[in-house]
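# Report on the structure
Chain residues, written in single-letter form:
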Amino acid sequence: MSAPRTGAAGSIIEAEISKHSMPVRRLWLSRVALMSMATLFVPALGAAKQAPATLPGYKAVPIHYGALNKMLIAASINGQSANLIVDTGARQIVLDSDWADSLGVKPSHYGWRYIGSTEFNGQLVPLAFARNFTVGSMNFGGTPVALLSASGGNSFASGSRARDAHIVGVLGTDLLTRFKAVINCGTRLVFFKVDSSRRLELAKVALTQHFTRVAMSRQANGAFTVPCSINGHPGSLLVDTGALVTTLDESAVRSLGIALQPTHATARFPTGVERKISLGEVNHLMIGDFKVRPTRLAAAVLPGFALKQGNTQIAGILGLELLVMCHGIIDFDGGSLFLK
């Protein structure tokens, strides 16, 4: 393994370590790699209005956390600025249809109003075409986008603060997987691979920094799941950065004898479906070989389209709050989730 390649992986991992002022084990890196690492993650450590981080073979794009715990990324759609939710629970870019008109998302160049259709959260939605789509310095050119009507309660921007932030839709896993992205929930950066010859060897470096690797499985519908066990009972969780909180299926939780306390809160899905949320103390949650400290988690009656991910029946949704708390790094190149 060459020093530059080790340095690339070390950059992603050590940014997480330095962010929390923890001791870092010395890695076998060249002097050049160490120097670039020192400047690479300045924006992630809190410096404002500086140039985005650079990494050979990758383009790094900053993310930020907005209202209601949303992971947001700044985008340009046909030259107009907007914010998208980074949503690993969605398999493609989805735009609010009203916003799409204002962003100049037009019929295809063949004159059709839509270029096809796709399924989103259990419903069929039309596909349109954005002539130019960019996030940060990463230009994807023209790309198909799914359109979701806000009628019937569908919305990506619930609440006035979210509407003011111009949240127009979600960035799903189609581009994240195509460009073998790495999402670092702690340092707030997404890395898109632009040089296919580069290999991060992220797993090897992560182990030296006491991260636990959890293998992700890609389901037939494009969703990514990880194995889990709740009080010793095996299951799977959907890896979903678009989810506000980790939410377990209520029937599964009750079957394990976990007491639930009702709340006044509701879980709201982009299709408009709402479910009441209860809270339960979960003392033995494993995600792969990673043990989550005892914590209170949400439980709800998950709709059918959420429970069934491809051929896998999930026990719940691994949401953003737990991913951040466990310093989650989602590696679409290696098909891994790293937790600490």
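From a predicted model like this one, the values you see are computed outputs, not experimental measurements. Note that residues are indexed from 1 along each chain, following the sequence as it is written. Restriction of local features to residues with pLDDT of at least 70 applies here, the model being predicted, together with a cutoff of 80 or more for giving and counting side-chain atom pairs; totals for whole chains, interfaces and linings are based on all residues. As a convention, hydrogens and water are excluded, and side-chain values are obtained from all of the structure's heavy atoms.

### Details of the overall build of the chain
Secondary structure summary: the chain contains 9 helices and 26 strands in total. Note on classification: 1.4 Å probe, protein chains only; a residue is buried when its accessible area is under 20% of the maximum for its type, exposed when over 50%, partly exposed between these limits. A buried classification covers 51% of the 340 residues belonging to the chain. Pairs of residues are marked as contacts when any of their non-hydrogen atoms sit within 4.5 Å. Summarising the internal contacts of the chain: among those between residues at least 6 apart in sequence, 66% fall at separations of at least 24. Only the protein chains shown count as cover for residues, and all accessible areas are computed by the Shrake-Rupley method using a 1.4 Å probe. For the chain, the computed accessible surface area is about 15,200 Å², with 53% contributed by carbon and sulfur atoms. Strands here are runs of E lasting at least two residues and helices are runs of H or I lasting at least four, both read from the DSSP assignment and numbered beginning at the N terminus.

### Notes on the confidence of the model for the chain
When the pLDDT values of the chain are averaged, the result is 80; 75% of them are 70 or greater. The predictor's confidence in any single residue is recorded as pLDDT, a number from 0 to 100. Between the elements of the chain, mean pLDDT differs from a low of 28, seen in helix α2 (residues 31-40), to a high of 98, seen in strand β19 (residues 285-287). A low-confidence stretch, residues 1-6 (pLDDT under 50), is modelled with 13 contacts involving residues beyond four sequence positions or located in other chains. Contacts of residues 14-52 to residues separated by more than four positions or lying in other chains number 60 contacts, the stretch itself having pLDDT below 50.

### Some remarks on the packing of aromatic side chains
Pairs were defined over the aromatic rings of Phe, Tyr and Trp, the Trp ring being its six-membered one, requiring ring centres within 6.5 Å. Orientation was assigned from the angle between planes: stacked under 30 degrees, edge-to-face over 60, tilted for the rest. Applying the stated criterion to the full structure yields 4 aromatic pairs. Taken together, a centroid distance of 5.5 Å and an interplanar angle of 75° make the contact between Phe140 and Phe192 edge-to-face. Taken together, the residues span a long stretch of sequence, with Phe140 in strand β8 (residues 138-148) and Phe192 in strand β11 (residues 189-193) at a distance of 52 residues. For the pair formed by Phe140 and Phe192, the shared burial category is buried.

### A few points about the pattern of salt bridges
Put simply, a salt bridge is a Lys or Arg side-chain nitrogen that is within 4 Å of an Asp or Glu carboxyl oxygen. What the rule picks out here adds up to 3 salt bridges. A salt bridge links Asp333 to Lys193; its shortest N-O distance comes to 2.8 Å. Of this pair, Asp333 sits in the loop between β25 (329-331) and β26 (336-339) while Lys193 sits in strand β11, and the two are 140 residues apart along the sequence. Between Arg198 and Asp195 there is a salt bridge whose closest N-O contact spans 3.9 Å. Assessed through its relative accessible area of 28%, Arg198 is described here as partly exposed. Overall, Asp195 belongs to the partly exposed group, its relative accessible area being 29%.

### Quick word on unusual backbone geometry
The backbone of Arg188 sits at a positive phi, close to 60°, despite the residue not being glycine. Counting through the fold element by element, Arg188 comes out in the loop between β10 (182-184) and β11. If you check the backbone angles, His327 has positive phi at about 55° while not being a glycine. Structurally, His327 can be placed in the loop between α9 (320-325) and β25.

### Let's talk about the environment of Phe290
Relative to the elements of secondary structure, Phe290 occurs in strand β20 (residues 290-292). Remark: the alpha-carbon pair of Phe290 and Phe211, spanning 79 residues in sequence, is separated by 8.8 Å. Excluding anything up to four places from it in sequence, Phe290 contacts Thr212, Leu285, Cys326, Leu339 and Lys340.

### Some thoughts on the nonpolar core
Each nonpolar core is a collection of buried residues, namely Ala, Val, Leu, Ile, Met, Phe, Trp, Tyr and Cys, held together in the definition by side-chain atoms within 4.5 Å. By size, the foremost hydrophobic cluster in this structure holds 60 residues, and its most contacted members are Leu95 and Phe133. When residues no more than four places from it in sequence are discounted, the contact partners of Phe133 are Ala75, Ser76, Ile77, Leu84, Ile93, Met138, Asn139, Phe140, Gly141, Thr143, Leu171 and Leu175. Within the second largest apolar cluster, 12 residues are counted, among which are Ile277, Ala298, Leu307 and Ile314.

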